[in-house]
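Summary of structural features
One-letter residues, chain by chain:
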Amino acid sequence: MAETSGKRIVIASFGSLGDLHPFLALAKQLRTRGHHPVIATASFYSERIQALGFEFEPLGPTVSPQDPELMHRLMRTARGPEYLFREMFLPNVPQMYADLERICAGADLLIAGEMVLAAPIFAEKTGMPWVSVLLSPISFLSPHDPSILPALQFLSFTLGWPLSFQKALLKLPALAFRRWSTSLREFRKSLGLPDDSEALRTGKLKANLVLAMFSQQFAKPQPDWPANTLQTGFAHYEQESLPEHDGVQQRIDDFLKAGTPPIVFTLGSAAVHAAGDFFWMSARAAHRLRMRAILVGDPRGLSSPTILTVPYADYSKLFPHAAIIVHQGGIGTTAEALRSGRPQVVVPFNFDQPDNAARIVRLGVGLKHDRRMWRDRQAHYSLLRLIRDNTFTERAAQVGETIRKEDGTANAVNAIERFLATIS
């Protein structure tokens, strides 16, 4: 491989921990290979990132993924995606652009997640080489591999309909993106860039290199993906031990050793702050099944001899020991659940989660359960189906073995270095 060491690489991302972890995996391996990654993301994560020894730069709106009111609005309302774009991110594009100007000064490359809405504009205006990272299949909105759109879940029965119908259906999100993007188009105009009515939807696809960082087990490449797209596989992030989690892993290990494999219930790092009665109903379902359980999210008042509650867990250490994993379907949680090789029940809230849940079902490794119907009796029946039908367990083990052999992080970094060699 051509010499590319010592490059200053800005890695810009915005979202939950499940969104951030793949970028930290890239940063760790880039640093190992002699590069200097700079992590630009929400100020909420500054201490965590600096503890890892990375240079940190604040980027984007000042929000907390632990704000219950915000998470409820995003996760539990049909207009959550619209609020995310129109109220949280699009008004902040000019400031995010200014942040990128400051952060990228002297940098050799920009790597950006899709919610860094200023990245395509900044690259187009300045000529900055950049790599776009897409973590979920829904990001491509391909009619060849239709996705379950959060506002159109009632149309999920049309997934097998002809390509002409899928193309027509995708005109609905395209219209929504155009309606939302007035301020983005005005900002482009202020920079002297040509008008682009599709900029909000397709800007992330116009990078020099597009990385589809999910497994082909989960979604296969499609003919309408950009020609410069590389599918890498999931990026697995080896988490660091943090002081606030001291003792948690030991409690989990002790509980696992004390009995039969538990059902693990988790809502990731965002939906957990809009959990409602999810954990209460989960605990009741576990009691109905007379099974042990671990509830990740520290719900109060639910601990018992057969139920462990913890504020946080390293999924890579916990999930392989689960009997069943119940989760919200965020892409980070989904990737670790698939990697563990254990069967799953997905209880999706919003955004890409319904689509990820549908893919889990089609893959044969688990079930989808309507969040509004997650009551103790109904949850009990979904879990009982996985327990009684060994095909889910067998299929999950097969898929997990394949995914564990993939090295999405190395594949992505190799591609990044190949691209760097072309611009050095």
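Report follows, based on the coordinates. (Residues numbered from 1 in each chain as written. Predicted model: local features only at pLDDT ≥ 70, side-chain atom pairs only at ≥ 80, totals over all residues. Heavy atoms only, no water.)

1. A word on the nonpolar core
- Of all hydrophobic cores here, the largest spans 140 residues; its most connected members are Leu110, Ile111, Phe265 and Val326.
- Apart from residues lying up to four places away in sequence, Ile111 is in contact with Ile9, Val10, Ile11, Ala12, Phe23, Leu30, Val131, Val133 and Ile416.
- Among the nonpolar cores identified, the runner-up in size contains 16 residues, and Val248, Val264, Ala313 and Ala337 belong to it. (Core = buried A, V, L, I, M, F, W, Y, C linked by side-chain atoms within 4.5 Å. Buried < 20%, exposed > 50% of the residue type's maximum accessible area, 1.4 Å probe, protein only. Contact = heavy atoms within 4.5 Å.)

2. Quick notes on the packing of aromatic side chains
- Throughout the structure, instances matching the rule amount to 17 aromatic pairs.
- Relative to Phe122, the ring of Tyr97 lies with its centre 5.6 Å away and its plane at 75°, an arrangement referred to as edge-to-face. Of this pair, Tyr97 sits in helix α5 (residues 93–103) while Phe122 sits in helix α6 (residues 119–126); the two residues are 25 residues apart in sequence, bridging distant segments of the chain.
- With centroids separated by 5.4 Å and ring planes inclined at 75°, the aromatic side chains of Tyr97 and Phe187 adopt a geometry described as edge-to-face. In this pair, Tyr97 sits in helix α5 while Phe187 sits in helix α9 (residues 182–190), placing the two residues 90 residues apart along the sequence.
- The rings of Phe265, Phe278, Phe279 and Trp374 are connected pair by pair, giving a single aromatic cluster.
- Residue placement shows Arg31 over the ring face of Phe54; its charged tip is 3.9 Å from the ring centre.
- Residue placement shows Arg371 over the ring face of Phe349; its charged tip is 5.1 Å from the ring centre. (Phe/Tyr/Trp six-rings, centres within 6.5 Å; stacked < 30°, edge-to-face > 60°. Helix = DSSP H or I, 4+ residues; strand = E, 2+ residues; numbered from the N terminus. Lys NZ or Arg CZ within 6 Å of the ring centre and 35° of its normal.)

3. Things to note about the side chain of Ser132
- You can see Ser132 is positioned in strand β5 (residues 130–134).
- Classification of Ser132 by relative accessible area gives buried; the value is 1%.
- The residues contacting Ser132, other than those within four sequence positions of it, are Ala112, Lys204, Ala207, Leu209, Val210 and Leu211.

What is shown is where atoms sit, not what they do.
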